[in-house]
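Commentary on secondary and tertiary structure
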Amino acid sequence: MNLIVLAPVGATVALLFAAYFTYTIFKVDEGTDSMKHIAESIRKGANAYLKRQYIAVGKFFAAIFVLLLILSYFDYVSIFIPYAFITGGFFSALSGYLGMKIATNSNARTANACTKSLNSGLRVAFSSGAVMGLVVVGLALLDISAWYYILNWYYNGDASSIASTMLTFGMGASAMALFARVGGGIFTKAADVGADLVGKVEIGIPEDDPRNPAVIADNVGDNVGDVAGMGADLFESYLGAIVSSSALAISAGLKGNGVALPLIIAAIGIIASIIGTFFVKAKEDVSQKSLLAALRRGTYSSAIIIAIVAYFLVSNVLGSKYIGIYFSILSGLIAGILIGFLTEYYTSDNYKPTRAIAESSETGSATVIITGLSVGMKSTTFPVIVVGLSILISYVVAGGLDSYSLGLYGIGISSVGMLSTLGITLATDAYGPVADNAGGIAEMAGLDPSVRERTDALDSLGNTTAATGKGFAIGSAALTALAFIAAYKDSIEQLVESNLDLSFQFDLSILNPNVLIGLLIGTMVTFAFSSFTMSAVGRAASKIVIEVRRQFKEIKGLMEGKVDPDYASCVDICTKSALRELVIIAAISLITPIAVGLILGPNGVAGLLGGATTSGFVLAVMMSNSGGAWDNAKKYIEAGNFGGKGSENHKATVVGDTVGDPFKDTSGPALNILIKLMSVIAIVFGMVILKFSIF
């Protein structure tokens, strides 16, 4: 228990190193006046969007806070939950905001660094990603640590009360992640699709051409969706994995030490991630293979460190009797690496699947779409096997054959193992949008073609690492959601035991109609949710297409480059559309588990969560990998293959990429938030469901 102090220490170290990397970034010059002007336009657009989003989200959080406060007054929830809901949402939003601020201040600096060398550009972009990664893990662990010490004081060290209260703390982070990821995803993909369809396909101008009215909105979207959104998303995954496994420690009989172990593992993972960032260096070779090797050195070194140190931590904290839990951690860590590799295989143009999509462009956009969907569907096979094996191994080695509860704790802590090196894993993901923006700035500022070649190499790698990051987030979500389902069952049983006026017993048989109906609804919800998010992108993108066409038609001299387009109008359209579309999407996530609970009872909710977890995991992997493969197939052709830029093959893959954009950056990654958010809501409103459900 003395090692618990490592949690706040690790959080502080993460934030200090984030500040250090920020300092190194700001030492790099932004470049020419033109580059500075473009970067400032992107910053203004990103700040304007986040300001409006946070105002809207603030109203939602205020309403939910009041509702939770009322429920706490009637003893339906703990008095701490309303305040923990606010802090979780606040730190989630703050992590996304800080990551976005650094990203928008790193894009021009990355482009300018690429005038010197590829490695210089990589170091700036990767340092920006490292700030995002370290801010996320630092703030998440700081939030959990602070609440742990407050609850430890309040409950006089009663581990059971501490764990059961902390279990509900993910609700605020999950809600914020949903708004940030879905809202940012709608914004970025509406701008991207609109810019590509008119600019590349209809008019035939290059990507990031300054004459395209949607080009600034596209660059803004990279930051609010792929940086701020991803940061809030993985903040929620990280926090959820820790609190769910801590809650399962009580029923496993591991007491306070079992509750503390996930926090300690997370703290050591931060140190390992920081060490790993210093291994990321590249030679002046623009091949994806060499750049991937540079990033792998960082992630693999961090994984090796945590694999070694975790053995001694488990021995010290839990004792040699429970050493099997170490192998559960190792199982999750290895599963995360394998999912990353599998995602890379299906999305990188170094391998056959993505090249097959590029080859299919010989016969048009229809075959590009068909092949991309096929690749995405096929790509679900091995991740499902990997996660399934990780669950089975984690359960057995933790002692699940002798103790069901101990096995569940093993599954929960394996998700902590998978996310333990999130600091550097997120860095490899978040650096991609910075490289993408750098390429756009290089194009718009008219820099030497060699600079664009370097930024394109970084951007192409960023597509693969972004897909890897999404696969990693989705895989961890499956493990975390399973832990949440187990914790949900435990929390309902504890509520029944502590309230004499409640009478309920779980019957989770597949033949129980309530469970079966819940499974069907859970499966349906993931598809309905994806439909709403895809439709939202489509509607917003249509508005951008119309606006871009209008400007090219009505603004004289725009096509000749004599006057500037109205960039602000496209940014404004994306902002309004994203916030408007969020309402019904958020309602689905929040209302579904409560409505199912009030009608079908706790058994039906368990079925709902199980159906959503299984279908959501597979659907998210398919959509994320299809989108990543389509994107890199386009870039493979842009590199000079199958006719190169401007060819009919290129236009066919641009169409495939526009279909894949909402797949990989909106609907797919949002599903992992959905399945965890519904689980946390089911836990928070457990007493309401027990008292008022029809069945």
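Here the structure is a predicted model, which means the values were calculated and not measured. (Residues numbered from 1 in each chain as written. Predicted model: local features only at pLDDT ≥ 70, side-chain atom pairs only at ≥ 80, totals over all residues. Heavy atoms only, no water.)

1. A short note on the overall build of the protein chain
Selection rule: Only DSSP runs of H or I with at least four residues qualify as helices, and only runs of E with at least two residues qualify as strands; both kinds are numbered from the N terminus onward. To sort residues, take the accessible area from a 1.4 Å probe on protein chains only and compare it with the maximum for the residue type: under 20% means buried, over 50% means exposed, and anything in between is partly exposed. Contacts: residue pairs with any heavy atoms within 4.5 Å of one another. Residue burial considers only the protein chains on display, and all accessible areas are found by Shrake-Rupley using a 1.4 Å probe. His is not counted, nor are the chain ends, whereas Lys and Arg count as positive and Asp and Glu as negative. To locate a charge, take atom NZ for lysine, CZ for arginine, CG for aspartate or CD for glutamate.
In terms of helices and strands, the protein chain carries 21 helices and zero strands. With respect to the three principal axes, the spread of C-alpha positions in the protein chain is 80 × 50 × 40 Å. Counting the 695 residues in the protein chain, one finds 64% classified as buried. Taking all contacts inside the protein chain whose residues are at least 6 apart in sequence as the whole, residues at least 24 apart take part in 84%. Only carbon and sulfur atoms are counted for the fraction: they give 65% of the accessible area of the protein chain, which is about 23,400 Å². When the 45 positive and 50 negative side-chain charges of the protein chain are each reduced to one mean point, those points stand 3 Å apart.

2. Thoughts on helix 20 (residues 648–684)
In an α-helix there are 3.6 residues to a turn, and that puts residues three or four apart on one side. Threshold: Working rule for helices: expected span equals 1.5 Å times residues minus one.
In this model helix 20 runs 54 Å from its N-terminal to its C-terminal C-alpha over 37 residues, within 8% of the 54 Å that 1.5 Å per residue would give. Summarising burial for helix 20: 33 of the 37 residues are buried, a large majority.

3. Remarks on the nonpolar core
Let me state the cut-off plainly: The nonpolar core is taken to be a set of buried Ala, Val, Leu, Ile, Met, Phe, Trp, Tyr and Cys residues, with the residues joined through side-chain atoms within 4.5 Å.
By size, the foremost hydrophobic cluster in this structure holds 236 residues, and its most contacted members are Tyr238 and Ile325. Tallying contributions element by element places helix 19 (residues 567–638) first for this core, with 29 residues.

4. Considerations on the pattern of salt bridges
Here is the rule: Any carboxyl oxygen of Asp or Glu within 4 Å of a side-chain nitrogen of Lys or Arg constitutes a salt bridge here.
Evaluation of the coordinates by the stated rule reveals 26 salt bridges. We note a salt bridge from Asp661 to Lys189, for which the minimum N-O separation is 3.5 Å. Here Asp661 is found in helix 20, whereas its partner Lys189 is found in helix 7 (residues 170–203), with 472 residues between them in sequence. Accessibility expressed as a relative area gives 2% for Lys189, which makes it buried.

5. Regarding unusual backbone geometry
Unlike most non-glycine residues, Lys255 shows phi in positive territory, near 55°. Mapped onto the elements, Lys255 comes out in helix 9 (residues 255–277).

6. Brief notes about the confidence of the model for the protein chain
Rule in force here: Known as pLDDT, the predictor's per-residue confidence is scaled from 0 to 100.
Per-residue confidence for the protein chain gives a mean pLDDT of 88; residues scoring 70 or more make up 98%. Looking across the protein chain, the model is least confident in helix 17 (residues 449–498), with a mean pLDDT of 81, and most confident in helix 13 (residues 365–378), with 96.

7. Considering the packing of helix 1 (residues 6–26) against helix 9
Test applied: The angle between two axes is taken between their N-to-C directions and runs from 0 to 180 degrees, where each axis is a line fitted to C-alpha atoms and a helix contributes only its stretch in contact. When an angle is under 35 degrees it counts as roughly parallel; over 145 it counts as roughly antiparallel; between 65 and 115 it counts as roughly perpendicular; any other value is oblique. A clockwise turn of the near helix away from the far one marks a right-handed crossing, whereas an anticlockwise turn of less than a right angle marks a left-handed crossing. Residues are grouped as follows: Ala, Val, Leu, Ile, Met, Phe, Trp, Tyr, Cys and Pro are nonpolar; Asp, Glu, Lys and Arg are charged; every other residue, Gly included, is polar.
Across the interface, helix 1 lies against helix 9 with an axial gap of 8 Å and an inter-helix angle of 25°. As far as their axial angle goes, helix 9 and helix 1 are roughly parallel. Helix 1 and helix 9 meet at a crossing whose hand is left-handed. Each of Leu6, Ala7, Gly10, Ala11, Val13, Ala14, Phe17 and Phe21 in helix 1 lies in contact with helix 9, whose residues at this interface are Leu263, Ile264, Ala267, Ile268, Ile270, Ile271, Ile274 and Thr277. Of the residues that constitute the contact of helix 1 with helix 9, the class distribution is 14 nonpolar, two polar and no charged.

8. Topic: the side chain of Lys664
Selection rule: In protein, a polar contact means a hydrogen-donor-capable atom and an acceptor-capable atom, both N or O and within 3.5 Å, with residues adjacent in sequence counting only if both atoms are side-chain atoms; elsewhere, any N or O pair within 3.5 Å suffices.
Take Lys664: it is sitting in helix 20. Note on Lys664: relative accessible area 8%, which makes it buried. In this structure the side chain of Lys664 is engaged in a polar contact, spanning 3.5 Å, whose partner is the side chain of Asp631. Setting aside residues no more than four positions away along its own chain, Lys664 makes contact with Lys189, Lys470, Met623, Ser624, Gly627, Gly628, Asp631, Asp657 and Pro669.

9. Digging into the packing of aromatic side chains
For the record, the criterion: Stacked, tilted and edge-to-face pairs are distinguished by plane angle, under 30 degrees for stacked and over 60 for edge-to-face with tilted covering the rest, among Phe, Tyr and Trp rings (Trp via its six-membered ring) whose centres lie within 6.5 Å. Only when the NZ atom of a Lys or the CZ atom of an Arg is both within 6 Å of the ring centre and within 35 degrees of the ring normal do we say a charge sits over the ring.
Here the structure, examined in full by the defined rule, presents 28 aromatic pairs. Consider the rings of Phe65 and Tyr83, whose centres lie 5.4 Å apart with planes at 75°: the pair is edge-to-face. Of this pair, Phe65 sits in helix 2 (residues 33–73) while Tyr83 sits in helix 3 (residues 81–104), placing them 18 residues apart in sequence. Ring centres of Tyr488 and Phe506 lie 6.1 Å apart, and the angle between their planes is 70°; on these two criteria the pair is classed as edge-to-face. Taken together, the positions of Tyr488 in helix 17 and Phe506 in the loop between helix 17 and helix 18 (513–554) put the pair 18 residues apart, joining distant regions of the chain. Overall, the relative accessible area of 1% leaves Tyr488 in the buried class. Put simply, the rings of Phe80, Trp147, Trp153, Tyr154 and Tyr155 touch in pairs and so form one group of aromatic residues. The ring of Phe26 is capped by Arg109, whose NZ or CZ atom sits 4.7 Å from the centre of that ring.

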